[in-house]
Amino acid sequence: MALRWRISALVAAAACAVAAAVGVLVHEFSRDRELSQARESARVTLDRAAVTYTRTGEVQGSGAALDAPGLPGDLRDLVEQGHRGTEFTTGPAGPAMWAARPAGSRVLSVRVDLTTTMRDIGALDASIVVAGLITTAVVLPLGVLTAGRMSRRLRTAAGTARRIAAGDLDARIAAGPRPRDEIADISTAVDTMAGALQKRLLGEQRFTADVAHELRTPLMGLVTAAELLPDGEAAGYVRDRVRVLGTLVEELLEISRLDAGAEHADMSPCPVGPLVREVVARSGPATTVVGADETADADGDADGDAGAATVRTDSRRLERILTNLVVNAHRHGRAPVVVTVSGDGRTVTVRDHGPGYPRTLLDDGPQRFRTGARERGTGHGLGLTIALGQAQVIGATLEFGDAPDGGALATLRLPAVPPPAGADPAGPAER
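Residues numbered from 1 in each chain as written. Predicted model: local features only at pLDDT ≥ 70, side-chain atom pairs only at ≥ 80, totals over all residues. Heavy atoms only, no water.

A. Expanded view of the nonpolar core. Within the largest apolar cluster, 36 residues are counted, with the highest numbers of intra-cluster contacts made by Leu325, Leu398, Phe400 and Leu412. The element contributing the most residues to this core is helix α7 (residues 315–332), with six residues. In this view, leucine 412 contacts Leu318, Ile321, Leu322, Arg346, Thr347, Val348, Ala391, Ala396, Thr397 and Leu398; residues no more than four positions away in its chain are not counted. (Core = buried A, V, L, I, M, F, W, Y, C linked by side-chain atoms within 4.5 Å. Buried < 20%, exposed > 50% of the residue type's maximum accessible area, 1.4 Å probe, protein only. Helix = DSSP H or I, 4+ residues; strand = E, 2+ residues; numbered from the N terminus. Contact = heavy atoms within 4.5 Å.)

Here it is, written out as structure tokens:
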């Protein structure tokens with residue numbers, strides 16, 4: 001049940017409870033007062049009748065009776081024991097207040113009819129019920145309206161928080177200041193948190209970009225110096241490390257461009273099957289390709305390669321994505337690595353038979369400089385981050401999961417209608 005209806009139900013229940021409590025209190029107070037007045041009136045009448053009976057031996061005209069046939073049995077027994085008393089009855093003759101006392105060997109009693117009084121109390125009860133219903137009918141819509149406003153504000157805050165969690169750090173609730181308003185306080189806190197997070201993230205991104213740019217100049221010097229070294233085992237090792245460092249710098253620069261939204265897709269017809277086979281051939285270790293030779297043309301274009309599905313996408317970025325996925329599968333998984341292309345060429349899966357992706361990657365997505373699991377091997381966590389960012393640039397979706405029978409499974413889905421050339425990417429690859 002939504003918070004709005006919970007609050008509304010609580011308001012209705014509270015209004016009904018208050019009306020019921022007030023009704024019971026008023027009913028009991030009115031009834032006790034009327035019975036008390038009737039009891040006092042019966043006693044006064046009985047005392048006067050007793051004085052008249054003592055003087056004249058008669059009770060006619062006094063409002064009392066001797067040995068009245070309708071006298072309650074308990075009251076009669078009390079009088080026969082020499083006491084006086086009163087009793088309220090609701091017999092066939094209607095509600096009444098009895099008062100009785102001994103009169104020699106007889107019982108002198110007075111009956112005060114309360115039919116009208118009880119009818120008035122019943123009418124008062126009915127009026128209280130109607131008033132309670134009217135009060136509930138008035139209060140409930142106000143409660144629903146108030147609860148609806150609170151619920152909308154909370155939903156807005158929750159939706160903004162989800163957008164921030166999804167990577168939209170420009171999202172703000174923008175709630176106006178309201179003194180002593182807890183929801184406004186929460187909204188302001190969320191906006192403050194998003195602003196601080198955005199400032200910190202942008203600072204880290206600028207730092208990464210600046211470091212990568214500053215490293216390019218000394219790196220070029222290292223490359224030149226490494227090439228001048230005489231051939232040998234040490235020189236080969238130095239050249240290999242320089243190559244790794246150069247790759248890392250280029251990847252950092254690529255991530256910086258993705259973060260800044262500077263990457264744009266250049267759409268053109270692309271035969272997916274041949275592109276996959278080319279990527280696999282350059283990846284080094286043996287990789288099995290399934291479905292890349294099936295005949296299909298997703299766009300109906302005549303310029304697609306024969307015997308291969310053709311889609312409109314950015315072939316350079318698609319190649320970059322597939323290369324990173326295949327290299328990651330070989331580096332962190334185990335053979336055999338299988339690349340599967342769907343018949344229309346819009347879905348490509350890369351699967352290895354290793355321990356699978358770490359839980360942190362499945363929950364939070366790829367994170368730069370974090371591989372997440374020791375059994376997945378060492379690395380910087382940049383390959384999958386770049387693949388995800390490039391997939392967003394071309395409007396594709398890249399999903400990471402584990403195969404049912406074990407192994408990591410990456411699924412790339414190209415859009416049926418790709419974004420126009422030069423369109424801004426969906427967002428930074430890393431949030």
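B. Representation of the pattern of salt bridges within the structure. Per the counting criterion, the structure on display carries 17 salt bridges. Arginine 241 is the salt-bridge partner of aspartate 240, the closest N and O atoms lying 2.6 Å from each other. Relative accessible area serves as the criterion here: at 25%, aspartate 240 is assigned to the partly exposed category. Of the charged contacts, one joins glutamate 254 and arginine 320 as a salt bridge, the two residues approaching to 2.6 Å between their closest N and O atoms. With glutamate 254 in helix α5 (residues 233–259) and arginine 320 in helix α7, the pair connects residues that are 66 residues apart, well separated along the chain. Owing to a relative accessible area of 8%, glutamate 254 belongs among the buried residues under this scheme. Within this structure, Asp47, Arg84 and Arg101 form a network of salt bridges that share partners. (Salt bridge = Lys/Arg side-chain N within 4 Å of Asp/Glu carboxyl O.)

C. Focus on a nonpolar patch on the surface. Taken together, the side chains of Val130, Ile134, Val138, Val139 and Leu142 make up a nonpolar region of the molecular surface, amounting to roughly 420 Å² of accessible area. With respect to the element layout, leucine 142 can be found in helix α3 (residues 115–165). (Patch = residues over 30% accessible without salt bridge, like charges linked within 9 Å, V, L, I, M, F, W, Y side chains within 5 Å. Areas by Shrake-Rupley, 256 points an atom, 1.4 Å probe, with all protein chains shown as cover.)

D. Inspection of the sheet that holds strand β11 (residues 408–413) at higher detail. With mixed pairing, five strands are arranged side by side in an open sheet as β6-β8-β9-β11-β10. Strands with a single pairing partner mark the edges of an open sheet, and in this sheet they are β6 (287–290) and β10 (397–402). On average, each strand axis in the sheet is tilted by 15° relative to the strand beside it, whichever way the strands run. One ladder, built from four bridges, connects strand β8 (residues 337–341) with strand β9 (residues 347–351); its direction is antiparallel. The residue bridging valine 338 from the neighbouring strand is arginine 351, located in β9. Sitting on the sheet, helix α6 (residues 272–282) is in contact with β6, β8 and β9, with an inclination near 165° to β8. (Pairing = 2+ DSSP bridges. Axes fitted to C-alpha atoms, helices over the stretch in contact; angles between N-to-C directions.)

E. Examining the packing of aromatic side chains more closely. For the structure on display, the rule yields one aromatic pair. Ring geometry for tyrosine 357 and phenylalanine 400: centres 5.4 Å apart, planes at 85°, overall edge-to-face. Of this pair, tyrosine 357 sits in the loop between β9 and α8 (359–364) while phenylalanine 400 sits in strand β10, and the two are 43 residues apart along the sequence. (Phe/Tyr/Trp six-rings, centres within 6.5 Å; stacked < 30°, edge-to-face > 60°.)

F. Quick look at helix α4 (residues 182–228). In a regular helix each residue adds 1.5 Å, so 47 residues correspond to 69 Å; α4 covers 69 Å between its end C-alpha atoms and thus fits that length. A maximum bend of about 35° is found in α4 at arginine 216, where proline proline 218 lies one to four positions downstream. (Expected span 1.5 Å × (residues − 1). Bend = angle between axes of the 7 residues up to and from the residue.)

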